[in-house]
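# Observations on the model geometry
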Amino acid sequence: MLKFTIKRLLYCTLILFVVMFVIYTLMVNLPSGYIEKQARMLSMQPGTQKSFDQWVAEMEVNLGMDKGLFEGYFTWLKNAVSGDFGDSWNWTVPVTEKFQDVIWYSFILSSIAFVLEVAIAIPLGILAAKKQYSLTDYTISVVALVGISMPTFFLASLLKLVFAAELNWFDIGGMEGRNFAQLDAFGQFLDISKHMVLPVITLTIIGIGGLMRYTRTNTLEVLNADYIRTARAKGLSEKRVIGYHAFRNTLIPIVTIVGGSLPGLFSGALITETLFDIRGIGFVSYHSMVNGDIPFTMFYLAFSSILILLGTLMSDILYAVVDPRVRLN
């Protein structure tokens with residue numbers, strides 16, 4: 001296991017190196033003049049002592065764009081490895097400082113939605129498999145297909161229309177109410193929690209469909225296995241057969257999927273956070289990309305790439321952990 005993990009980590013490092021080079025190349029060759037746009041805005045701010053040309057030169061030096069492609073990339077990579085991603089052009093603070101300020105909002109939002117997805121999708125998927133071709137099965141399948149097919153922006157807009165605009169139960173967006181500053185600590189906690197309800201519902205509905213269908217399909221496969229028929233022939237109760245023998249084997253591939261999705265808790269929900277004005281990493285990254293904030297965009301893409309690679313590695317390791325028949329070599 002240790003040898004496999006080290007080998008995969010080396011592969012992941014190589015893949016990350018290549019991916020970030022491709023991203024850096026795209027950033028360097030952006031046709032819209034983002035550096036000139038940002039430099040012009042900074043040079044026009046009150047109190048600035050640098051001219052437009054000075055701002056352009058400084059930005060190019062920070063990204064290594066004053067050098068050749070390869071030398072510039074290695075300059076950026078050297079700074080990134082040391083934790084220096086430069087200053088955000090859009091947020092006017094160091095990139096890592098802005099990241100630390102917003103990442104926990106995304107983590108809390110995604111964690112709550114993730115727990116709800118697992119708690120809802122897996123039991124319903126197993127229930128649908130137990131009652132195959134029944135009304136319960138058809139109902140759960142329809143709900144799953146709706147969750148898979150419905151676009152995030154449509155569902156979020158529908159929830160805001162019904163529960164915010166029509167029923168007035170929640171605010172349309174934001175993380176705080178208008179009287180937030182006058183509330184005590186517990187009141188502020190409740191206010192923020194209330195603003196998180198609709199985003200959590202959106203993420204949960206969008207996420208349960210695929211996991212529910214996968215659980216149902218895998219459970220049906222397990223229920224048709226020979227050892228399940230043997231367990232039933234021995235006179236074991238259906239509750240024992242499903243809850244002990246079938247459930248354990250059903251979870252084997254599901255655990256790998258769930259494990260692979262754990263790093264996504266830190267990557268943020270870009271569309272949902274933007275639609276509900278939740279100032280998490282997804283919201284900040286979207287506005288950084290739109291406004292041509294290359295330093296923050298590079299950091300976010302590197303961060304997301306690392307999460308994806310670690311998620312894949314985690315899935316492989318978890319599969320071997322939960323299924324003794326699998327050996328990694």
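Scope of this entry: the structure provided in the associated data block. Since we're looking at a predicted model, the values are computed, not measured.

Between its first and last C-alpha, helix α5 (residues 95-130) extends 50 Å over 36 residues, near the 52 Å set by a 1.5 Å rise per residue. Along its length, α5 reaches its greatest deviation from straightness, about 35°, at Val-102.

So, about a nonpolar patch on the surface. A cluster of nonpolar residues, Leu-14, Phe-17, Val-18, Val-22, Leu-26, Val-28, Leu-69, Phe-70 and Phe-74, forms a patch on the protein surface that exposes about 800 Å² of accessible area. At six residues, helix α1 (residues 2-28) tops the list of elements feeding residues into the nonpolar patch. Considering the arrangement of structural elements, one finds Leu-69 in helix α4 (residues 69-81).

What follows concerns the pattern of salt bridges. What the rule picks out here adds up to three salt bridges. Linking Arg-216 and Asp-137 is a salt bridge whose minimum nitrogen-to-oxygen distance equals 2.7 Å. Of this pair, Arg-216 sits in helix α8 (residues 185-223) while Asp-137 is found in helix α6 (residues 135-149), placing the two residues 79 residues apart along the sequence. For Arg-216, a relative accessible area of 11% corresponds to the buried category. The class for Asp-137 is buried, based on a relative accessible area of 1%. The partner of Arg-229 in a salt bridge is Asp-226, with the nearest N and O atoms 2.3 Å apart.

The next thing to look at is the nonpolar core. Within the largest apolar cluster, 31 residues are counted, with the highest numbers of intra-cluster contacts made by Met-20, Ile-35, Trp-76, Ile-281, Ile-294 and Met-298. Of all the secondary structure elements, the ones that give two or more residues to this core are α1, α2 (34-43), α3 (52-63), α4, α5, α12 (281-290) and α13 (294-322). No other element matches α13, which puts eight residues into this core. In terms of nonpolar packing, the next biggest core, distinct from the first, is built from 22 residues, Ile-208, Ile-254, Val-258 and Leu-265 among them.

What follows concerns unusual backbone geometry. Although it is not a glycine, Asn-168 adopts a positive phi angle of roughly 60°. Along the polypeptide, Asn-168 turns up in the loop between α7 (152-166) and α8. Classification of Asn-168 by relative accessible area gives exposed; the value is 61%. Positive phi is not limited to glycine here, since Asp-277 has a value of about 55°. By the secondary structure assignment, Asp-277 is in the loop between α11 (270-275) and α12. Exposure remark for Asp-277: the relative accessible area of 27% places this residue in the partly exposed category.

What counts and how
- Residues numbered from 1 in each chain as written.
- Predicted model: local features only at pLDDT ≥ 70, side-chain atom pairs only at ≥ 80, totals over all residues.
- Heavy atoms only, no water.
- Helix = DSSP H or I, 4+ residues; strand = E, 2+ residues; numbered from the N terminus.
- Expected span 1.5 Å × (residues − 1).
- Bend = angle between axes of the 7 residues up to and from the residue.
- Patch = residues over 30% accessible without salt bridge, like charges linked within 9 Å, V, L, I, M, F, W, Y side chains within 5 Å.
- Areas by Shrake-Rupley, 256 points an atom, 1.4 Å probe, with all protein chains shown as cover.
- Salt bridge = Lys/Arg side-chain N within 4 Å of Asp/Glu carboxyl O.
- Buried < 20%, exposed > 50% of the residue type's maximum accessible area, 1.4 Å probe, protein only.
- Core = buried A, V, L, I, M, F, W, Y, C linked by side-chain atoms within 4.5 Å.

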